[in-house]
Amino acid sequence: AAATNTLTASQASCSSGTKTWAANTKITGNVSVSNTCRVTVEGNVWITGTLSTSNSSELIVSNTLGTTRPVIMVDGATANFSNGSTLRSNSQSTGFMIINYMSDASCSPDCSDVTGTDLFNSRNDERISLSNSSSGPNTIFYARWTKVRVNNSGQIGALIGQTVEISNSGT
């Protein structure tokens, strides 16, 4: 209900160059940000598909937000950050909150709670992944019912998930 702007995945995606995602934007489909593209985020964003950032791309918290942390909610299967992609804080050191609510439950991603067998079966579903020197200082990565995986990555603010896996120099 808070989404007042809409974009298609092709409008929001970027391979090199720059983009801006306005506050309260719903992006429909799978979003790809790659090849040194710089996306400035001006507020909360809802992505109905997946989010993939790679190859030295950047998601940047707008300085206009001050200390207000923007939320990027990813309703698709994954949010992947790879190959030197960065979630850059603004001048107030405010990072993002990246959230994924997917699970194995039939109500997913709209579940208010996941318990029992559905929760057990969701524990190893990798929904947020950071790899190969990707970083998000001051950013919170939150996989509510599933797994957050960090492999060969740079600075990270916080990881929250049913399962958290850190390997190969992940910090």
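Everything below is about the structure shown above.
Residues numbered from 1 in each chain as written. Predicted model: local features only at pLDDT ≥ 70, side-chain atom pairs only at ≥ 80, totals over all residues. Heavy atoms only, no water.

Below, the discussion takes up the overall build of the chain. Counting its secondary structure elements, the chain contains two helices and 16 strands. The C-alpha atoms of the chain give 15 Å as radius of gyration, which agrees with the globular expectation for 171 residues (16 Å, within 12%). Its C-alpha atoms put the chain at 45 × 40 × 30 Å along the principal axes. Relative to its 171 residues, the chain shows a buried fraction of 49%. Counting only contacts in the chain whose residues sit at least 6 apart along the sequence, the fraction spanning at least 24 positions is 43%. When the accessible surface of the chain is split by element, carbon and sulfur atoms take 44% of a total near 7,500 Å². Placing the 10 positive and 10 negative side-chain charges of the chain at their respective mean positions leaves the two points 7 Å apart. (Helix = DSSP H or I, 4+ residues; strand = E, 2+ residues; numbered from the N terminus. Rg over C-alpha atoms; globule rule 2.2 N^0.38 Å. Buried < 20%, exposed > 50% of the residue type's maximum accessible area, 1.4 Å probe, protein only. Contact = heavy atoms within 4.5 Å. Areas by Shrake-Rupley, 256 points an atom, 1.4 Å probe, with all protein chains shown as cover. Lys, Arg positive; Asp, Glu negative; His and termini not counted. Charge placed at Lys NZ, Arg CZ, Asp CG, Glu CD.)

Attention shifts here to unusual backbone geometry. Ser 108 connects to Pro 109 through a cis peptide bond whose omega is 5 degrees. Note on placement: Pro 109 falls in the loop between strand E13 (97-100) and helix H2 (116-122). With phi around 60 degrees, Asn 24 is a residue other than glycine that occupies positive phi space. Tracing the backbone through its elements, the reader meets Asn 24 in the loop between strand E3 (18-21) and strand E4 (25-28).

Burial within strand E15 (residues 136-151) is extensive, with twelve of its 16 residues counted as buried. Summarising the sheet, E13 and E15 pair through four bridges and their orientation is parallel. In the sheet register, Ile 98 faces E15, and the bridge partner there is Phe 141. Relative to E15, strand E14 (residues 126-131) is paired through five bridges, and the arrangement is parallel. Looking across to E15, one finds that Ser 129 is bridged to Arg 149. Summarising the sheet, E15 and strand E16 (residues 156-167) pair through ten bridges and their orientation is parallel. Looking at the pairing, Gly 136 lines up with Ile 156 of E16. (Pairing = 2+ DSSP bridges.)

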